Amino acid sequence: MKKLLITGFEPFLHFKTNPTMQIVEELNGKELNGFHIHGRILKVDFSKSGKQIVDCWNEIQPDAVISLGLAAGRSAITPERIAINCNDGEQDNSGNLPSGEKIIEEGPDGLFSTLPIRSMVKRLKEESYPAAISNSAGAYLCNHVMYQILFMLKQNELKTPAGFIHIPASHELAVQIGKVPSWSQEDLTQAIRICIETLDA
């Protein structure tokens, strides 16, 4: 059976929970669409998360990689099209404050997702879940992790499908922070299941 690495993040900034963490914990160890799912939680730390996802890849040797991140304020599931070679944004959980420096000095300006993002959006809409391709993963940890895994795969001439999906806030999180679109945790998890079903098993 093929292996899928799926990653989420720990809580960060003012978010006391992170629905990506709950999705990963729910799907870890499950079998879906011919994949055995290996779930891992990444640190919200510019100095650690990139190495962490590459280490996870080396440990598991997966046949596909889906990383998840929270985009509180978005109302749809948004697979990301591109990661940019830039660290920016607020402090991470360890106090690192990026200021626009490159993620990898010799790396290209951008790297495109190799996940079937159009198929993911199409399937989600068919199942009545709001979805759209996003052309910006920002410059915070989500973009950082997406860039790091795509760069590693490109450097090693590996064809492993990999990329990033942003999800809206959960109802639980929306109650904490207020005034953001939110989904039930159950629907968030089901939407990612649907995305997994678009992968070639």
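Placed above this text is the structure.
Presented here is a report on the structure given in the accompanying data block. Everything quoted here is computed from the prediction, not taken from an experiment. (Residues numbered from 1 in each chain as written. Predicted model: local features only at pLDDT ≥ 70, side-chain atom pairs only at ≥ 80, totals over all residues. Heavy atoms only, no water.)

**Considerations on the overall build of the protein**
Inference 1: In terms of regular secondary structure, the protein is built from six helices and 10 strands.
Inference 2: The globule rule puts the C-alpha radius of gyration for 201 residues at 17 Å, and the 16 Å found for the protein is close to it.
Inference 3: Taking the principal axes of its C-alpha atoms as reference, the protein extends roughly 40 × 40 × 25 Å.
Inference 4: Counting over 201 residues, the protein shows a buried share of 52%.
Inference 5: Here the contacts in the protein between residues at least 6 apart in sequence split such that 79% fall between residues at least 24 apart.
Inference 6: By element, 47% of the accessible surface of the protein is carried by carbon and sulfur atoms, the whole surface being about 9,100 Å². (Helix = DSSP H or I, 4+ residues; strand = E, 2+ residues; numbered from the N terminus. Rg over C-alpha atoms; globule rule 2.2 N^0.38 Å. Buried < 20%, exposed > 50% of the residue type's maximum accessible area, 1.4 Å probe, protein only. Contact = heavy atoms within 4.5 Å. Areas by Shrake-Rupley, 256 points an atom, 1.4 Å probe, with all protein chains shown as cover.)

**Focus: the nonpolar core**
Inference 1: In this structure, F9, I53, V65, Y147 and I149 are the most contacted members of the largest nonpolar core, which totals 33 residues.
Inference 2: Looking at this core, the elements with two or more residues in it are strand 1 (2-9), helix 2 (49-60), strand 4 (64-70), helix 4 (141-155) and strand 8 (162-167).
Inference 3: Looking at this core element by element, the count peaks at 10 residues for helix 4.
Inference 4: When sequence neighbours within four positions are dropped, the list of residues in contact with V65 reads L4, L5, I53, W57, L115, I149, T160, P161, A162 and G163.
Inference 5: Counting residues in each nonpolar core, the second largest holds 29 residues, with I6, L27, W183 and I194 among its members. (Core = buried A, V, L, I, M, F, W, Y, C linked by side-chain atoms within 4.5 Å.)

**As for the pattern of salt bridges**
As a working rule, side chains carrying opposite charge can pair if their charged atoms are close by.
Inference 1: Counted by the stated rule, this structure contains seven salt bridges.
Inference 2: Across the pair K30 and E26 runs a salt bridge whose closest N-O atoms are separated by 3.9 Å.
Inference 3: Between K122 and E126 there is a salt bridge, and its shortest N-O distance comes to 2.7 Å. Linking K122 with E126, this pair stays in helix 3 (residues 117-126), spanning four residues, or about one helical turn. (Salt bridge = Lys/Arg side-chain N within 4 Å of Asp/Glu carboxyl O.)

**With respect to the side chain of N18**
Inference 1: Examined against the element boundaries, N18 turns out to sit in the loop between strand 1 and helix 1 (19-27).
Inference 2: For N18, the side chain forms a polar contact with the main-chain oxygen of E10, separated by 3.1 Å.
Inference 3: A polar side-chain atom of N18 sits 2.8 Å from a polar atom in the side chain of T20.
Inference 4: With sequence-adjacent residues up to four places away left out, N18 is seen in contact with F9, E10, P11, F12 and L70. (Polar contact = N/O pair within 3.5 Å; in protein donor to acceptor, adjacent residues only side chain to side chain.)

**Concerning the environment of V65**
Inference 1: Within the secondary structure, V65 is located in strand 4.
Inference 2: Classification of V65 by relative accessible area gives buried; the value is 0%.
Inference 3: For the pair formed by V65 and M146, sequence separation is 81 residues and the distance between their alpha carbons is 9.8 Å.

**Notes on the packing of helix 1 against helix 6 (residues 185-197)**
Inference 1: Running from amino to carboxyl end, helix 1 crosses helix 6 at an angle of 60°, the nearest separation of the two axes being 10 Å. The pairing of helix 1 with helix 6 is recorded here as oblique in orientation. Classified by chirality, the crossing of helix 6 by helix 1 is right-handed. When helix 1 is examined against helix 6, the residues P19, Q22, I23, E26 and L27 are found in contact with a partner set consisting of Q185, L188, T189, I192, R193 and I196. (Axes fitted to C-alpha atoms, helices over the stretch in contact; angles between N-to-C directions. Parallel < 35°, antiparallel > 145°, perpendicular 65-115°, else oblique. Left-handed = near helix turned anticlockwise from the far one by under 90°.)

**Structural notes on the packing of aromatic side chains**
Inference 1: Taken as a whole, this structure holds five aromatic pairs when the rule is applied.
Inference 2: Aromatic rings pair up to connect F12, F15, F46 and Y140 into one cluster. (Phe/Tyr/Trp six-rings, centres within 6.5 Å; stacked < 30°, edge-to-face > 60°.)

**Details of helix 2**
Inference 1: Over its 12 residues, helix 2 runs 16 Å from end to end, which matches the ideal 16 Å to within 8%, given 1.5 Å per residue.
Inference 2: Residues of helix 2 that are buried include every one of S49, G50, I53, V54, C56, W57 and I60, and no others. Within helix 2, the buried residues cover an arc of 150° as seen down the axis, which keeps them to one side. The exposed residues of helix 2 that point more than 90 degrees off its buried face are K51 and E59.
Inference 3: In this structure, the buried side of helix 2 is in contact with strand 1, strand 3 (35-42), strand 4 and helix 4.
Inference 4: Positive backbone phi, at 55°, marks Q61, one or two positions downstream of helix 2. (Expected span 1.5 Å × (residues − 1). Arc of directions from axis to C-beta.)

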